[in-house]
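Each chain, letter by letter, is given below.
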Amino acid sequence: PGFFDLHIHGAGGGTVLRSSSRDLETISKTVTRFGTTRFLATTCFEAGGNNQCLKRAADACGKSLGGAKIAGLYLEGPFINPLRKGMIPSEFITQPNEDLLNQIFDLTGPHLKMMTVAPELPGAHALIEKLLDRGVTVSFGHSDADYDQTLAGIAAGITHATHLFNGMRPIHHRDPGPIPALLQNDKITLELISDGAHVSPPIAKLISKLIPPERLCLITDGLELLGLPDGVFDHKGRTVHARNGSVRHGDGSLVGTTLGQSQLLSRFAQFTGWGIEQAVRAASITPKAAIGQADPADPLIQVGQIADLVLAKIEDDTLVVQKTFVDGQVVFERK
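On a predicted model such as this, the values are computed, not experimentally measured, just so you know. (Residues numbered from 1 in each chain as written. Predicted model: local features only at pLDDT ≥ 70, side-chain atom pairs only at ≥ 80, totals over all residues. Heavy atoms only, no water.)

Engineer: Before we go on, may I ask you to explain the overall build of the protein in this structure?
Structural biologist: The helix and strand tally for the protein stands at 10 helices and 17 strands. Over its C-alpha atoms the protein spans a radius of gyration of 18 Å, differing by no more than 12% from the 20 Å that the globule rule assigns to 335 residues. If you line up the protein on its principal axes, its C-alpha atoms span 55 × 45 × 45 Å. When each of the 335 residues of the protein is scored for burial, the buried share is 53%. If the 31 positive side-chain charges of the protein are averaged to one point and the 35 negative ones to another, these points end up 5 Å apart. (Helix = DSSP H or I, 4+ residues; strand = E, 2+ residues; numbered from the N terminus. Rg over C-alpha atoms; globule rule 2.2 N^0.38 Å. Buried < 20%, exposed > 50% of the residue type's maximum accessible area, 1.4 Å probe, protein only. Lys, Arg positive; Asp, Glu negative; His and termini not counted. Charge placed at Lys NZ, Arg CZ, Asp CG, Glu CD.)

Below you can see the structure in the form of structure tokens.
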């Protein structure tokens, strides 16, 4: 089945944050090299900012861009905790605010599919309820919530977690934090960036023992450097170094990954011993199920589905995409 990237900001030099028609087409075509056929255009919202990127990305949903199609929008914030902001700039962070949420709804229309929220913030639970009323999946992330606050967020309606381990408190045996609360609830789907840098291989292997493929979403969280070769680049005015799939600042701090979904699911299979079918499910059916567009137990391929398909072979334990089909049409073919 075609892969579904639930969480991607950019690829091939294009970024959703600008979301010009050229940017969106660049992302669309780049990700097909890695078997991605649909994705959620992921970005941030700036209170008082222009934010027309949201309108442009929303207008492109479902339309032909020459490659993978945009299946909806994913907002990483703005109602997140600045203590766990990661690479999200401060101007894209604000306290829960119903007026701002209504502005977001106006810009995105019916295309907002997922939003990351820190449930410990004052007023967060009321916004979670409004998001659920609009059919938006609410994701735990960029949060400093402890174990009990996470459970309260789940009770309020959170059903997903943004890039597990990253942007949240770590596990400690006397202060468990959010991760055990997320793992122990069978209704929670969990994103993972399986490049070996965002989460170490032993931790990836542990996760593979704790949850099934029906709960895991292998995402890229890709920036505009996804799909580009190793080298030195400018990223938001700072020099970054891409090597072996990881992008870092000069001080070693992690910026992102250059790997596509076929590469990331291959690494996850290598780290964990999962079969290719299990890893493929975590990159295709489960992400769609996380936003209500599939059932987690659906067959990987079945009659009646849209013909988003990948033809691939395994070389040196890595899935190498040969052809990618969107709506039954070839959008990528390896020469």
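Text resumes after the structure shown.
Engineer: For this particular structure, what's the right way to read the pairing of strand β11 (residues 231-235)?
Structural biologist: Two faces, one strand: in a regular strand the side chains alternate between the faces of the sheet. As paired strands, β11 and strand β12 (residues 238-243) are joined by 5 bridges and run antiparallel to one another. Within β12, the residue paired with Val232 across the bridge is His241. (Pairing = 2+ DSSP bridges.)

Engineer: Please clarify how the packing of helix α8 (residues 261-272) against helix α9 (residues 276-283) should be interpreted in this entry.
Structural biologist: Geometry of a packed helix pair, given as the angle between the helix axes and the separation of the axes. One way to put it is that α8 packs onto α9 with a least axis distance of 9 Å and a crossing angle of 135°. Relative to α9, the element α8 lies oblique. When the axes of α8 and α9 are compared, the crossing they make is right-handed. Contacts from Gln261, Leu265 and Ala269 in α8 reach Ile276, Ala279, Val280 and Ala283 in α9. Class assignment of the residues belonging to the contact of α8 with α9 gives a composition of 6 nonpolar, 1 polar and no charged. (Axes fitted to C-alpha atoms, helices over the stretch in contact; angles between N-to-C directions. Parallel < 35°, antiparallel > 145°, perpendicular 65-115°, else oblique. Left-handed = near helix turned anticlockwise from the far one by under 90°. Contact = heavy atoms within 4.5 Å. Nonpolar A, V, L, I, M, F, W, Y, C, P; charged D, E, K, R; others polar.)

Engineer: Any chance you could explain the sheet that holds strand β17 (residues 329-333) here in plain terms?
Structural biologist: Strand pairing in a sheet is mediated by backbone hydrogen bonds. Such pairs are either parallel or antiparallel. Pairing in this open sheet of 3 strands is antiparallel, and the strands run β15-β16-β17 from one edge to the other. Strands with a single pairing partner mark the edges of an open sheet, and in this sheet they are β15 (309-315) and β17. Taken pair by pair, the neighbouring strands of this sheet meet at an average axis angle of 25°, ignoring direction. When β15 meets strand β16 (residues 318-326), the two strands line up antiparallel, connected through 7 bridges. Within the sheet, the bridge partner assigned to Lys313 lies in β16 and is Val320.

Engineer: Explain the state of the cysteines to me, please; I cannot follow it from the model alone.
Structural biologist: Two cysteines joined by a covalent bond between their sulfur atoms form a disulfide. Using the criterion set out here, one finds 0 disulfides in the structure. Here Cys61 stays unpaired: no disulfide links it, and the sulfur of Cys53, its closest cysteine neighbor, is 12 Å away. Here Cys217 stays free of any disulfide, with the sulfur of Cys61 as its closest cysteine sulfur at 18 Å. By relative accessible area, which is 0% here, Cys217 ends up buried. (Disulfide = S-S within 2.5 Å.)

Engineer: Any chance you could explain the nonpolar core here in plain terms?
Structural biologist: Most often, soluble globular proteins have nonpolar side chains that are buried together. Among the nonpolar cores identified, the biggest contains 70 residues, and Leu112, Met115, Leu131, Leu164, Leu182 and Leu216 are the most heavily contacted of them. With residues near it in sequence (within four places) discarded, Met115 still touches Leu75, Gly77, Phe79, Leu101, Ile104, Leu131, Val136, Thr137, Val138 and Ser139. One finds Leu6, Leu40, Met114 and Cys217 within the second-largest nonpolar core, a separate group that totals 11 residues. (Core = buried A, V, L, I, M, F, W, Y, C linked by side-chain atoms within 4.5 Å.)

Engineer: Honestly, the side chain of Asp5 in this entry has me stumped. Any pointers?
Structural biologist: Along the chain, the position of Asp5 falls in strand β1 (residues 3-8). One polar contact links Asp5 to Thr220, side chain to side chain, over a distance of 2.5 Å. (Polar contact = N/O pair within 3.5 Å; in protein donor to acceptor, adjacent residues only side chain to side chain.)

Engineer: Can you walk me through the pattern of salt bridges in this structure?
Structural biologist: It is possible for side chains of opposite charge to pair when their charged atoms get near one another. Per the stated rule, a full pass over the model turns up 13 salt bridges. One salt bridge in this structure joins Asp175 and Arg169, with 3.5 Å as the shortest N-O distance. Members of the salt-bridge network, linked through shared partners, are Arg38, Lys69, Asp308 and Asp327. (Salt bridge = Lys/Arg side-chain N within 4 Å of Asp/Glu carboxyl O.)

These values are about where atoms sit, not about what they do.
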